[in-house]
Amino acid sequence: MRNKIRITLERLQQSSITRHVVTLGLGSFVSQAIPIAASLVLSRLYSPKAYGDWGIFVSYTGILAVLVSGRYELAILRPAKKVGALNLVALSISLAFAGSLCFFLLLHLLCSLVPSVSIPELSYLPFYVFLTSLIQIYNGYANRTEQYDAIARSSISRSLTQAGSRIILGGFRFESGLIVGALLGSIAGIGSLIRKIHLIRDIRRSFSFRYMCQLAHIYRYFPFFQMPSALLNALSTNLPLILMAFYFNKEQIGCFSMAITLLYLPVSLISNSLGQIFYKKAVIWPAEDTAKLAYKFLKLTFPIGLIMSLFLIWGGEHLLGFLLGSQWSTTGLYAAYLSPWIWLILCFSPLGMIFDAIDKQKTEMMLNICLFISRILVIVAGGSLLAAHQTILLYGVAGTVLWSLEGYIIYRLIGIRLTSREKKLALLFISIVLLSWSIKIWYTF
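Draft legend 1. Spatial organisation of the overall build of the chain. Of the regular secondary structure elements, the chain holds 16 helices and zero strands. For 445 residues, the compact-globule estimate of 2.2 N^0.38 gives 22 Å, and the C-alpha radius of gyration of the chain, at 22 Å, lies within 12% of that figure. Overall size of the chain, expressed as C-alpha extent along the three principal axes, is 65 × 55 × 40 Å. In the chain, buried positions account for 55% of the 445 residues. A separation threshold of at least 6 residues defines the contact pool for the chain, and within that pool the share at least 24 residues apart is 85%.

See the structure below:
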């Protein structure tokens, strides 16, 4: 009888996980399919230069959004009681607002003192950073309460509004339409979350300034360790594009930005969606169950990344050039260069939450230091000595090597178990992708 009850509970548990994965996965798919489809229109309404400006703008956002809230939104899952989570939400929102304002003033001063530093549409930046942080905070609380439908609806609403407004603004030849459209999309996304999750009402009932300060101290390792680690990761992802502006023209930056938009951002969003589920379960589950969940995620992401990589290597350049227009043909080549790196991010980025779940933030920080240094060195050295194509190829190679190392460490930390047959198949498919990648590079140069 006990065994039957246990089996029933396990089935219910797995069914719940499957439902959550499907909800977030479907939301991520739809929300990313919309901007990808819209790119077929936007690439004809906006120039590569406009995409270059957007890439620089969103790169600054990606860096600042990590800093402004102190990463306390990740601690929302930790308190045993709801009142603790609500006070952490209040702390995160307060820091995000103050931080966005402070960084805006500092960047405005920097642009005034150093004319070579130019940030497109700087006046929109603090508002966009704050909205981005606010969405992360709401998503953190929705993850705690397992309101994954709210996260999915918000991401879809954000994408629909962003795509629609960008097309309309582009039709009127508004050059900054990509940036303004993203801002309007964020407003729609946070509006959807506010309607579904009544955080403001709950915070009013539970807020205590003294308790909030106590929680800030209790979870201080998030700003002390997790935030520097996340900052290094954000810098290694976003700073290269900012630095490229000092070496290459806006058209080349725009093609690279388009490649990132079509590849990295959708993969990153899917990884974040799966990572939210994995993080919550890894915090409370025993190690064996966490390893089983990680194994299931890999069975999903590995074949998807395999097909995507082979497609980009052999057909991406011609297809993207045809779909986006002749001026964007370089985007497909850049996508092929980056494809193995993107595959590794898809597979291991969701599982990277294990560093926070088992308090291995120092290990994560060291890995991110290596990623940061290598990518910056590649851009600076490549920008000084090589052409844009060669620099982006080296960028993809460095990312592939270092993410392979990080993936192996994550694999060992979680304790994922693969059969001998599974290991051989994985090695075979990886070899096929790397061989295809090498042939592509050989014929390109």
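Draft legend 2. Focus on the side chain of Ser133. Mapping Ser133 onto the fold places it in helix α4 (residues 125-144). In this structure Ser133 touches Ala65, Val68 and Ala96, once residues within four positions along its chain are discounted.

Draft legend 3. Inspection of the nonpolar core at higher detail. One finds Leu125, Phe256, Phe278, Leu351 and Ile414 to be the most contacted residues of the largest nonpolar core, which totals 133 residues. Ranked by residue count, the leading element in this core is helix α10 (residues 250-284), at 15 residues. When residues no more than four places from it in sequence are discounted, the contact partners of Phe278 are Thr290, Leu293, Ala294, Phe297, Pro350, Leu351, Met353, Ile354 and Ile414.

Draft legend 4. Representation of the environment of Ser236. Following the sequence through the fold, Ser236 ends up in helix α9 (residues 221-244). Residues Ser236 and Ile63, spaced 173 residues apart in sequence, show a C-alpha to C-alpha distance of 9.4 Å. Those residues in contact with Ser236 that lie beyond four places of it in its chain are Leu371, Phe372, Arg375 and Tyr395.

Draft legend 5. Region of interest: the confidence of the model for the chain. When pLDDT is averaged along the chain, the result is 85, and 93% of the positions lie at 70 or above. Confidence, read as mean pLDDT per element, is least for helix α1 (residues 2-45) in the chain (64) and greatest for helix α6 (residues 177-196) (94). Confidence drops under a pLDDT of 50 for residues 7-14, and excluding neighbours within four residues, the segment shows two contacts in the predicted structure.

Draft legend 6. Just a nonpolar patch on the surface, in detail. Taken together, the side chains of Trp314, Leu435, Ile439, Trp442 and Tyr443 define a hydrophobic patch exposed on the protein surface, amounting to about 680 Å² of accessible area. Among the elements that take part in the nonpolar patch, helix α16 (residues 420-444) stands out by supplying four residues, more than any other. Within the secondary structure layout, Trp442 lies in helix α16. With relative accessibility at 69%, the residue Trp442 sits in the exposed group.

Draft legend 7. Spatial organisation of α6. When the terminal C-alpha atoms of α6 are compared, their 29 Å separation across 20 residues agrees well with the 28 Å that a helix rising 1.5 Å per residue should span. Across the 20 residues of α6, 15 count as buried, placing the element largely inside the fold.

Draft legend 8. Broad picture of the pattern of salt bridges. This model, assessed by the stated rule, comprises eight salt bridges. Residue Arg201 pairs with Asp202 through a salt bridge whose shortest N-O separation is 3.3 Å. For Arg201, a relative accessible area of 43% translates into the label partly exposed. By relative accessible area, which is 11% here, Asp202 ends up buried. Among the charged side chains, a salt-bridge network with shared partners connects Lys49, Asp53 and Lys250.

Draft legend 9. Summary view of unusual backbone geometry. Unusually for a residue other than glycine, Arg71 sits at a positive phi of about 65°. Even without being a glycine, Glu121 presents a positive backbone phi close to 50°. Tracing the backbone shows Glu121 in the loop between α3 (82-113) and α4.

Draft legend 10. View of the packing of α4 against helix α5 (residues 148-171). It is at 8 Å that the axes of α4 and α5 come closest, and there the two elements cross at 155°. With respect to their mutual orientation, α4 and α5 come out roughly antiparallel. Residue-level inspection shows Tyr128, Thr132, Ile135, Asn139, Ala142 and Asn143 of α4 in contact with α5, the latter providing Tyr148, Ile151 and Arg158. When the residues that make up the contact of α4 with α5 are grouped by side-chain class, the tally is five nonpolar, three polar and one charged.

Draft legend 11. Representation of the packing of helix α2 (residues 48-67) against α6. Direction vectors running N to C along α2 and α6 enclose 45°, while the axes themselves pass 8 Å from each other. By the angle between their directions, the pair α2 and α6 is classed as oblique. Residues Ala50, Tyr51, Asp53, Trp54 and Phe57 of α2 form the contact with α6, whose own contacting residues are Leu178, Ile179 and Ala182. Each residue belonging to the contact of α2 with α6 can be placed in one class, and the counts come to seven nonpolar, no polar and one charged.

Draft legend 12. Quick peek at the packing of aromatic side chains. Taken as a whole and assessed by the stated rule, the structure comprises 14 aromatic pairs. On the basis of an interplanar angle of 80° and a centroid distance of 5.2 Å, the ring pair of Tyr51 and Trp328 is categorised as edge-to-face. Pair noted here: Tyr51 is in helix α2 and Trp328 is in the loop between α11 (287-324) and α12 (329-348), with a separation of 277 residues, a long-range link. The pair formed by Tyr51 and Trp328 is uniform in burial state, with each residue classed as buried. Both rings, one in Tyr219 and one in Phe222, keep their centres 6.4 Å apart while their planes meet at 55°; by these two values the pair is tilted. Its guanidinium or amino end placed over the ring of Trp54, Arg166 lies 4.5 Å from that ring's centre, counting from NZ or CZ.

Cut-offs and rules
- Residues numbered from 1 in each chain as written.
- Predicted model: local features only at pLDDT ≥ 70, side-chain atom pairs only at ≥ 80, totals over all residues.
- Heavy atoms only, no water.
- Helix = DSSP H or I, 4+ residues; strand = E, 2+ residues; numbered from the N terminus.
- Rg over C-alpha atoms; globule rule 2.2 N^0.38 Å.
- Buried < 20%, exposed > 50% of the residue type's maximum accessible area, 1.4 Å probe, protein only.
- Contact = heavy atoms within 4.5 Å.
- Core = buried A, V, L, I, M, F, W, Y, C linked by side-chain atoms within 4.5 Å.
- pLDDT = per-residue confidence, 0-100.
- Patch = residues over 30% accessible without salt bridge, like charges linked within 9 Å, V, L, I, M, F, W, Y side chains within 5 Å.
- Areas by Shrake-Rupley, 256 points an atom, 1.4 Å probe, with all protein chains shown as cover.
- Salt bridge = Lys/Arg side-chain N within 4 Å of Asp/Glu carboxyl O.
- Expected span 1.5 Å × (residues − 1).
- Axes fitted to C-alpha atoms, helices over the stretch in contact; angles between N-to-C directions.
- Parallel < 35°, antiparallel > 145°, perpendicular 65-115°, else oblique.
- Nonpolar A, V, L, I, M, F, W, Y, C, P; charged D, E, K, R; others polar.
- Phe/Tyr/Trp six-rings, centres within 6.5 Å; stacked < 30°, edge-to-face > 60°.
- Lys NZ or Arg CZ within 6 Å of the ring centre and 35° of its normal.

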